[in-house]
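Single-letter residue listing:
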Amino acid sequence: MKRAGTPILVFLFVLLTLGTRSVLARAIDDQIRDVASQLMCPVCEGRTVAESNSQLATQMRDLIRQRLLAGDRPETIIRYFVERYGESALATPPTTGLGVLMWLLPAAGVAAGVAWVRARVRVGTPRAWEDDVAPLSPGDLERLRRGLDEAR
Amino acid sequence: MESLITAPTRRRWLRAGAVSIVIAALLTVFFAAMRLQPPHRNPQQGRTAPVFSLSLFDGGRFDLAAAGGRVVLVNFWSSWCLPCRDEAPLLEATWRAYRGNGLVVVGVNLWDAEHEARAFLQRYRISFPAGSDPKGRTAIAYGVAGIPESYFVERSGRIAVRVPGSLTAENVATTLASLGFRRP
Amino acid sequence: MTEVGAAAVWIALAACAYAAVVLALGLRADRTQWIESGLNVAMAPFFLLIVAVAALLNALLTNDFSLAYVARNSSSETPLLYKISGIWGGQAGSLLFWSFLMSAFVSLAIARHRKTEPRLTPWACLSLVLVLSFFLFLNAWLESPFRRLALPPANGRGLNPLLEDPGMIIHPPILYLGYTGVVVPFSFAMAALMTRRLDAEWLAATRRWSLFAWGALGIGIILGGWWAYRTLGWGGYWGWDPVENAALVPWLTGTAYIHSAIVQERRGQFVAWNMALVVLTFSTAMIGTFLTRSGLIASVHTFAQSEIGAYFLAFLGVQLLVSFGLIALRWDDLRTRDELDSLASREGAFLFNNVLFLGLALAVLVGTVFPMISEAARGVKIFVGPPYFNAITGPVGVVLLLLMGVAVALPWRRASPAALRALRWPIGLGLIVGVAAAVVLRAPGVVAALTVIGFAFAATLAEYRRGAARSAPGQRISTGLVRLFATQRRRYGGYLVHLSILVMTVGMIGSQIYVVEREVSVRPGESFSIGPYSIRYVGLERGEAPNASATWGVLRVDDGGRGFDLRPLRLFYPSWQQPVSRPAIRSTFGDDVYAILAAFEADQRAAFRVWVNPLVRWVWVGGVLFFVGVLVAAWPSRRSRHVSARTQWAIETLRDLEADHGDGRLTAADYRHAAPALQRAVLDALDRGRPADPLEPATDATRREAEAPEREPSVGERTR
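First, a word on what this report is: a plain description of the structure on this page.

Parameters and conventions
- Residues numbered from 1 in each chain as written.
- Chains lettered and ligands numbered in written order.
- Predicted model: local features only at pLDDT ≥ 70, side-chain atom pairs only at ≥ 80, totals over all residues.
- Heavy atoms only, no water.
- Pairing = 2+ DSSP bridges.
- Helix = DSSP H or I, 4+ residues; strand = E, 2+ residues; numbered from the N terminus.
- Axes fitted to C-alpha atoms, helices over the stretch in contact; angles between N-to-C directions.
- Contact = heavy atoms within 4.5 Å.
- Buried area = accessible area lost by both parts, 1.4 Å probe.
- Salt bridge = Lys/Arg side-chain N within 4 Å of Asp/Glu carboxyl O.
- Polar contact = N/O pair within 3.5 Å; in protein donor to acceptor, adjacent residues only side chain to side chain.
- Disulfide = S-S within 2.5 Å.
- Buried < 20%, exposed > 50% of the residue type's maximum accessible area, 1.4 Å probe, protein only.
- Parallel < 35°, antiparallel > 145°, perpendicular 65-115°, else oblique.
- Left-handed = near helix turned anticlockwise from the far one by under 90°.
- Patch = residues over 30% accessible without salt bridge, like charges linked within 9 Å, V, L, I, M, F, W, Y side chains within 5 Å.
- Areas by Shrake-Rupley, 256 points an atom, 1.4 Å probe, with all protein chains shown as cover.
- Phe/Tyr/Trp six-rings, centres within 6.5 Å; stacked < 30°, edge-to-face > 60°.
- Nonpolar A, V, L, I, M, F, W, Y, C, P; charged D, E, K, R; others polar.
- Core = buried A, V, L, I, M, F, W, Y, C linked by side-chain atoms within 4.5 Å.

A closer look at the sheet that holds strand E5 (residues 130-132) of chain B
Residue and element names in this part refer to chain B.
- Strand order across the open sheet formed by five strands is E5-E4-E3-E6-E7, with mixed pairing between neighbours. Looking along the sheet, the strands with just one partner apiece sit at the ends: E5 and strand E7 (159-164). On average, each strand axis in the sheet is tilted by 20° relative to the strand beside it, whichever way the strands run.
- Two strands pair when backbone bridges link them, and strand E4 (residues 103-109) and E5 are joined in this way by three bridges, in the parallel orientation. Opposite glycine 107, over in E5, you have alanine 130 as the bridge partner.
- The sheet contacts of helix H2 (residues 82-98) involve strand E3 (71-77) and E4, and relative to E4 the element is tilted by about 150°.
- Sheet strands touched by helix H5 (residues 169-178): E4, strand E6 (149-153) and E7. Its angle to E6, the strand with the most contacts, is close to 20°.

Dropping the structure here:
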């Protein structure tokens with residue numbers, strides 16, 4: 001009983017710690033990270049607010065923290081920044097207007113690829129060419145085996 | 001060398017040409033569609049200036065809401081920024097020249113250490129109100145994306161002009177003229 | 001010395017121009033002497049550029065601040081190692097180094113191939129010197145590191161502090177090896193198109209070149225991530241920024257290419273496709289160079305101001321036009337009957353692999369240039385950042401890993417039911433991993449990824465086991481593995497690369513998805529907790545770094561055991577306005593604790609950013625494994641010198657067929673159907689390739705075959 005119990009206890013312990021961790025995963029710091037990684041830092045080249053260590057980005061994260069604690073929804077906070085910094089504050093193309101194109105393009109690319117493959121590559125056609133050649137004689141097969149061993 | 005162009009090449013050229021034309025057409029359509037989208041409006045200009053309240057280095061307070069009826073030049077600066085040092089005398093001179101005509105100059109210190117900011121004010125003998133924005137809330141509310149950066153707020157409270165980077169004597173003069181100031 | 005360096009660049013440019021003209025005329029008029037002269041002169045730029053690089057190095061080492069480049073990228077206080085790496089620390093120097101590496105490849109390619117591929121090499125050389133002369137033109141005319149200042153400063157500004165890291169010493173050269181290395185396969189592809197020698201020759205000649213360039217690009221990317229992680233201080237190693245993407249795109253198309261090239265070797269198919277992939281890989285490498293060198297990334301305005309951008313754009317346009325024009329011109333020669341016996345075959349798997357890799361490359365490329373396009377069209381940069389790229393690469397990556405696991409277990413032609421049944425063990429293991437992951441982690445994306453990783457891992461290991469048992473029947477597995485790596489390096493080295501990708505993916509999942517971050521402002525003595533750790537801020541200390549003054553915070557981390565200290569630095573370089581944060585990292589196989597000192601006050605109050613990054617170290621472990629795998633796969637094998645490429649391919653194809661048959665992956669009927677033709681082809685080739693006189697050097701046989709390939713019954717030939 002004791003022997004079987006220990007692994008089960010360990011397993012439960014692991015589950016519990018990991019479980020609490022995934023509850024903590026919604027902790028405020030992770031929520032900040034989620035919002036901040038959807039915004040571009042206005043003063044740095046190509047870094048998100050989540051990544052950047054610039055003072056502006058640090059202050060933006062602090063503002064995000066304050067707004068989240070005050071109960072604002074992430075979308076509201078993001079809109080706040082877009083109203084001030086324009087569309088270029090967003091880290092992803094908007095899902096309106098031509099931004100949609102950005103999201104459709106890779107899918108369209110793969111779809112076009114698959115369509116091209118379907119059009120150009122025929123599957124399951126019997127291959128006739130192998131039939132042209134008669135099976136090798138035992139002597140030839142032996143020569144082949146020796147030749148291959150040599151080539152190795 | 002073999003000749004590049006042989007008898008059946010015409011067909012191939014046509015095909016290659018057709019493919020290139022299609023690609024070029026797609027690219028043109030894409031680019032045109034981008035241009036046809038509503039032109040980008042700079043959000044930092046033309047909207048109502050966010051009100052802010054600043055505790056000043058000299059102990060007082062500055063309230064944008066209380067500046068009603070006057071034009072406000074909001075300047076974001078920092079002691080370590082070289083262009084800010086260059087434009088400090090200009091700001092001081094502007095303040096002295098136009099304050100009687102209803103212009104307020106206010107300096108918002110950003111991303112800085114307090115003692116260095118104070119030293120800066122002393123060195124350039126700044127007399128216009130200047131205070132610090134320690135958490136950057138005001139700067140973010142305006143959409144500041146670099147330093148220095150200046151905003152001219154109209155009497156109605158609208159942001160008339162945003163100047164990213166250094167102010168010059170000319171653009172201060174022309175902007176103020178466009179806001180109805182007469183050269184003193 | 002400086003003038004010598006500048007002159008060497010000009011002479012190298014002249015040599016390239018001469019070689020290009022003489023080769024073009026010689027090939028047109030069929031004059032052997034002219035061609036030979038062109039080939040000889042094309043070797044010269046390499047030696048001249050050694051002189052130029054040495055001159056730049058000399059200027060850096062002797063602190064010659066009269067050179068604008070040295071004044072900007074070095075100082076008398078710069079440590080020796082970073083003076084050396086100053087060669088590629090700035091734009092002009094790295095472009096010179098770029099040309100230097102490319103010229104080395106030009107010389108190597110000529111030396112290696114002029115005897116064995118006498119028809120292709122002149123054309124390939126023409127393409128090589130044309131590309132090289134473009135870069136030399138930039139070096140000599142627009143971006144010379146040898147430009148002098150009218151008023152030399154007393155001291156230089158020093159290398160950008162962020163570049164003072166061991167990662168920056170090795171990362172750029174290796175990345176450049178990859179970027180410049182792809183020019184060789186591209187040039188041989190062009191030569192094949194020009195000469196209509198479209199079959200085995202060019203592909204065989206460039207097989208190792210492309211593997212090398214692709215591997216170097218991959219290693220360069222990984223080292224770049226390592227450098228970013230150690231110095232940039234944002235807790236991550238990959239930010240999807242344009243410079244990173246610029247290197248990733250050609251790596252993705254290159255990955256598609258090195259896979260589909262095997263289909264041409266084994267089945268004689270995908271000929272046009274391979275040609276297109278080589279051109280795409282080179283073009284995307286050039287686009288990447290263009291993006292990173294022209295200032296386009298910063299903004300459309302800096303691009304418009306920089307002269308180099310316009311030239312690059314013109315070069316790119318001509319290159320694309322010529323290469324795709326040539327493919328269009330030769331389209332009828334390139335077409336093969338692309339028929340697959342079944343999609344459940346290795347060639348079928350490679351086909352999907354190609355579609356997905358190209359889809360990824362397209363997404364990354366478009367995402368990278370989109371901000372620039374939108375800025376040009378509308379005056380506003382619409383960014384395409386990490387959330388977009390993660391959303392695309394995540395699902396596609398999972399499908400690719402699944403494909404990776406399935407593909408290793410599939411035979412060429414058509415999988416037998418038994419081959420598919422044999423997948424049940426790896427699938428079972430994957431499902432066990434998946435269920436465990438589902439219980440513990442729950443996030444559906446992660447569960448799917450881990451299931452697939454478990455499956456692919458098991459399938460690959462099973463493949464090693466099977467191979468070992470086949471190559472050394474009845475012996476220990478280790479003996480069999482050694483023999484596998486000795487005889488089938490490319491295949492089993494390639495599987496090492498597969499394993500490395502799996503290991504890296506595990507590291508990436510851990511560090512991207514389960515990262516915990518905290519941002520705190522604390523006084524000495526205060527504590528905070530992050531993940532499983534409790535951290536106490538002890539206080540600030542000050543000291544001197546080699547050429548900067550440093551302040552660091554001492555963080556005592558309690559990990560439930562002995563604990564450890566972290567000392568994140570903040571460095572003040574006198575010649576740079578802004579201070580630089582250097583992270584402190586404590587790394588284990590479980591997780592990394594990563595801290596930076598963001599700010600501090602006179603009263604010792606300090607702001608820290610701390611991350612706990614699970615499993616990051618596995619990304620680097622995977623990187624090392626990637627290197628080993630590429631090394632094994634690209635290592636030259638002795639036997640390839642004795643038989644022609646086609647015979648070699650035929651032998652390997654036959655061996656694969658026998659092995660697949662032995663493993664029961666092909667049905668007996670399919671084997672009987674396919675074997676005789678292959679066996680006959682190999683036997684004929686061996687008979688003809690075998691030297692009549694044992695003393696006759698084998699290279700003659702090779703040449704004889706190379707010059708009369710029409711007579712040789714090859715596997716590929718017969719499919720048409």
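The rest of the description comes next.
Notes on the interface of chain A and chain B
- Contacts between the two partners involve 19 residues from chain A, matched on the other side by 24 residues from chain B.
- When the two sides are added together, the surface that chain A and chain B hide from each other amounts to roughly 1,600 Å², 58% of it contributed by carbon and sulfur.
- Inspection of the chain A/chain B interface yields two salt bridges.
- Note that aspartate 62 of chain A and lysine 135 of chain B form a salt bridge whose closest N and O atoms lie 3.8 Å from each other.
- Here chain A is connected to chain B by six residue pairs in polar contact (both at pLDDT 80 or more).
- Elements supplying a minimum of two residues to the side of chain A that touches chain B: helix H3 (55-69) and helix H4 (74-85) of chain A.

A look at the state of the cysteines
- In this structure the tally under the stated criterion is two disulfides over all chains.
- Between the sulfur of cysteine 41 of chain A and that of cysteine 44 of chain A lies a disulfide, 2.1 Å long from S to S. One quick way to see it: the torsion about the S-S bond of cysteine 41 of chain A and cysteine 44 of chain A is about 95°, and its sign makes the bridge right-handed. Exposure class is identical for cysteine 41 of chain A and cysteine 44 of chain A. Each is buried.
- Across the disulfide from cysteine 81 of chain B sits cysteine 84 of chain B; the S-S distance is 2.0 Å. Since a negative S-S torsion denotes a left-handed disulfide, the cysteine 81 of chain B-cysteine 84 of chain B link at about 95° is right-handed. Accessibility classification places cysteine 81 of chain B together with cysteine 84 of chain B in one group, the buried group.

What to know about the packing of H2 of chain B against H5 of chain B
Residues and elements named next belong to chain B.
- Viewed as axis vectors pointing N to C, H2 and H5 meet at an angle of 30°, and their least axial separation amounts to 11 Å. Judged by the angle between their axes, H2 and H5 are roughly parallel. At the point where H2 passes H5, the crossing takes the right-handed sense. Here Leu90, Thr94 and Tyr98 of H2 lie close against H5, whose contacting residues are Ala169, Val172 and Leu176.

With respect to the pairing of strand E9 (residues 584-587) of chain C
Residue and element names in this part refer to chain C.
- With four bridges joining them, E9 and strand E10 (residues 591-600) adopt antiparallel strand pairing. Pairing of arginine 586 across the sheet is with valine 593, part of E10.
- Linking E9 back to E10 in an antiparallel pair, the connection comprises three residues.

So, a nonpolar patch on the surface
- On the surface, Val624, Phe627, Val628, Leu631 and Trp635 of chain C cluster together into a nonpolar patch covering about 480 Å² of accessible area.
- According to the relative accessible area criterion, phenylalanine 627 of chain C is partly exposed, its value standing at 40%.

What about the packing of aromatic side chains?
- By the definition in use, this model includes 50 aromatic pairs over all chains.
- Taking 5.6 Å as the distance between ring centres and 85° as the angle between the ring planes, the aromatic pair formed by tyrosine 80 of chain A and phenylalanine 81 of chain A counts as edge-to-face. In terms of burial, tyrosine 80 of chain A and phenylalanine 81 of chain A fall into one category: buried.
- Centre to centre, the rings of tryptophan 98 of chain C and phenylalanine 135 of chain C are 5.9 Å apart; their planes meet at 25°, and the pair counts as stacked.

So, the sheet that holds strand E2 (residues 516-522) of chain C
Residue and element names in this part refer to chain C.
- An order of E2-E11-E10-E9 is seen for the four strands of this open sheet, with the pairing classed as antiparallel. The strands lining the two open edges of the sheet, one partner per strand, are E2 and E9. Pairwise comparison of adjacent strand axes, ignoring direction, gives a mean angle of 15° for this sheet.
- Taken together, the nine bridges between E10 and strand E11 (residues 606-614) define a ladder with antiparallel strand orientation. Paired with alanine 595 across the two strands is valine 610, which belongs to E11.

Notes on the interface of chain A and chain C
- With 63 residues of chain A at the contact, the number on the chain C side is 71 residues.
- Interface area, chain A with chain C, both sides summed: about 6,100 Å², of which 60% is carbon and sulfur.
- The interface formed by chain A and chain C holds five salt bridges in total.
- Between the two partners, chain A and chain C, sit 11 residue pairs in polar contact (both at pLDDT 80 or more).
- A total of 11 residues in the side of chain A that touches chain C trace back to one element, the largest contributor, which is helix H5 (residues 99-120) of chain A.
- Here the residues of the side of chain A that touches chain C are counted per class, giving 27 nonpolar, 16 polar and 20 charged.
- Of the strand pairs in this sheet, strand E1 (residues 122-123) of chain A and strand E1 (residues 339-340) of chain C are connected by two bridges, and their pairing is parallel. Residue pairing across strands places arginine 122 of chain A opposite glutamate 339 of chain C, the latter belonging to E1 of chain C.

A look at the pairing of strand E5 (residues 548-558) of chain C
Residues and elements named next belong to chain C.
- Of all the 11 residues making up E5, eight are buried; the element is thus mostly covered by neighbouring parts of the structure.
- The pairing of strand E4 (residues 533-545) with E5 spans 11 bridges and is classified as antiparallel. For glutamate 541, the partnering residue across the bridge sits in E5 and is tryptophan 552.
- In sequence, E4 turns back onto E5 through a hairpin of two residues.
- Note that E5 and strand E7 (residues 569-572) share four bridges and pair antiparallel. Among the inter-strand pairings, serine 549 is bridged to a residue of E7, identified as phenylalanine 572.
- Here E5 runs beside strand E6 (residues 564-566); their pairing, made up of three bridges, is antiparallel.

Description of the nonpolar core
- In this structure, Phe135, Trp202, Met275 and Phe626 of chain C are the most contacted members of the largest nonpolar core, which totals 157 residues.
- Counting 71 residues, the second-largest nonpolar core is a separate cluster that includes Val105, Ala117, Val144 and Ile147 of chain B.

Digging into the environment of glycine 434 of chain C
All names here are of chain C.
- Relative to the helices and strands, glycine 434 is located in helix H19 (residues 424-440).
- Measuring from C-alpha to C-alpha, the distance between glycine 434 and proline 173 comes to 40 Å, with 261 residues separating the pair along the chain.
- The residues contacting glycine 434, other than those within four sequence positions of it, are Val447 and Thr451.

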